[in-house]
Amino acid sequence: MPEGHTLHRLARLHQRRFGGAPVRVSSPQGRFAEPAAVVDGRVLRRTSVWGKHLFHHYEGGPIVHVHLGLYGAFTEWPVPAAPGGAGLPEPVGQVRMRMVGTDYGTDLRGPTVCEVIDEGRVSAVLAKLGPDPLRRDADPSWAWARIAKSRRPIGALLMDQTVIAGVGNVYRSELLFRHRIDPFRPGQGIGEAEFDAAWTDLVALMKVGLRGGKIVVVLPEHDHGAPSYRPDRPRTYVYRRAGEACRLCGEPIRTQVLEGRNVFWCPNCQR
């Protein structure tokens, strides 16, 4: 599932590609046909993100709400310079939503949510979410209040979008390693200074991901030896490295299912 920085990058990209001009919106698959007709031909005023929720705000009030989930993805293509938009590529696969602007088009496949809503329903979505580390209005004290009184493991709380919005499995495992916190420690056992340091680090790490499009978590002095878990993925301290030697102490990295998702940690560094 894409983590929060990916959605923020998409919002910025869509603002550059489509913002301030009419957008042709359709649903080649058919499942989004009626909602697409509501926004088709309207001007895209702005885009916004909270956590893993992307919003396209159109002139006149309607808002397209997208949550990519596990399998959703946008693919971009250039609009042919043919009269009347002739020569657009045929949809490949189950395209839920197609957006066509002046110079670019994009196809959305496989989202968990793709719907047209109003400002009231946007507020209802946001009311269920914790602070987004990449938003200027993020209030970490709200997340800290939830964590400090919870008996749930901190590794579960970090993935709970009602506590902090936008954190996924990579940032969760890597952040806890960087701060030497056992993922199974209860939220009540996290000190306020520990939380403040981890929040500051999380904001910085996600900003790096936002700027470069890649998750970068390993410090240069530790970036040696074991390669990434996949050629097209970043190097990590613990994520997807179960059984391999810790980059700092050499202890084998462990993994275990925690509330439905695999968490990774070093049993020596994260006591």
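Residues numbered from 1 in each chain as written. Predicted model: local features only at pLDDT ≥ 70, side-chain atom pairs only at ≥ 80, totals over all residues. Heavy atoms only, no water.

To continue, consider the sheet that holds strand β7 (residues 104-109). Across the sheet, which stays open at both edges, the 4 strands sit in the order β1-β6-β7-β5 with antiparallel pairing between neighbours. On the outer flanks of this sheet lie β1 (24-26) and β5 (73-78), each paired with one strand and no other. Shown here is a sheet whose adjacent strand axes are inclined to one another by a mean of 15°, direction ignored. Pairing analysis gives 6 bridges linking β5 to β7, with the strands arranged antiparallel. Residue pairing in the sheet places Trp77 in a bridge with Gly105 of β7. Packing against the sheet, helix α1 (residues 4-18) makes contact with β5, β6 (95-100) and β7, and its axis sits at approximately 140° to β7. (Pairing = 2+ DSSP bridges. Helix = DSSP H or I, 4+ residues; strand = E, 2+ residues; numbered from the N terminus. Axes fitted to C-alpha atoms, helices over the stretch in contact; angles between N-to-C directions. Contact = heavy atoms within 4.5 Å.)

Below, the discussion takes up the UniProt feature "domain: FPG-type" (unreviewed entry) in the protein. Taking the numbering used here, the UniProt-annotated feature "domain: FPG-type" (unreviewed entry) corresponds to residues 237-271. Helix makes up 0% of residues 237-271 and strand 29%, and the two end C-alpha atoms of the span are 16 Å apart. (UniProt positions renumbered as here; feature names shortened; annotations may be inferred.)

The next thing to look at is unusual backbone geometry. Phi angles above zero are rare outside glycine, and Arg180 is one such case at about 55°. Mapped onto the elements of the fold, Arg180 is located in the loop between α6 (169-178) and α7 (192-212). On the basis of relative accessible area, Arg180 is assigned to the partly exposed category, the value being 32%. Residues other than glycine seldom take positive phi values, yet Glu259 does so here, at roughly 50°. What makes Glu259 exposed here is its relative accessible area of 52%. (Buried < 20%, exposed > 50% of the residue type's maximum accessible area, 1.4 Å probe, protein only.)

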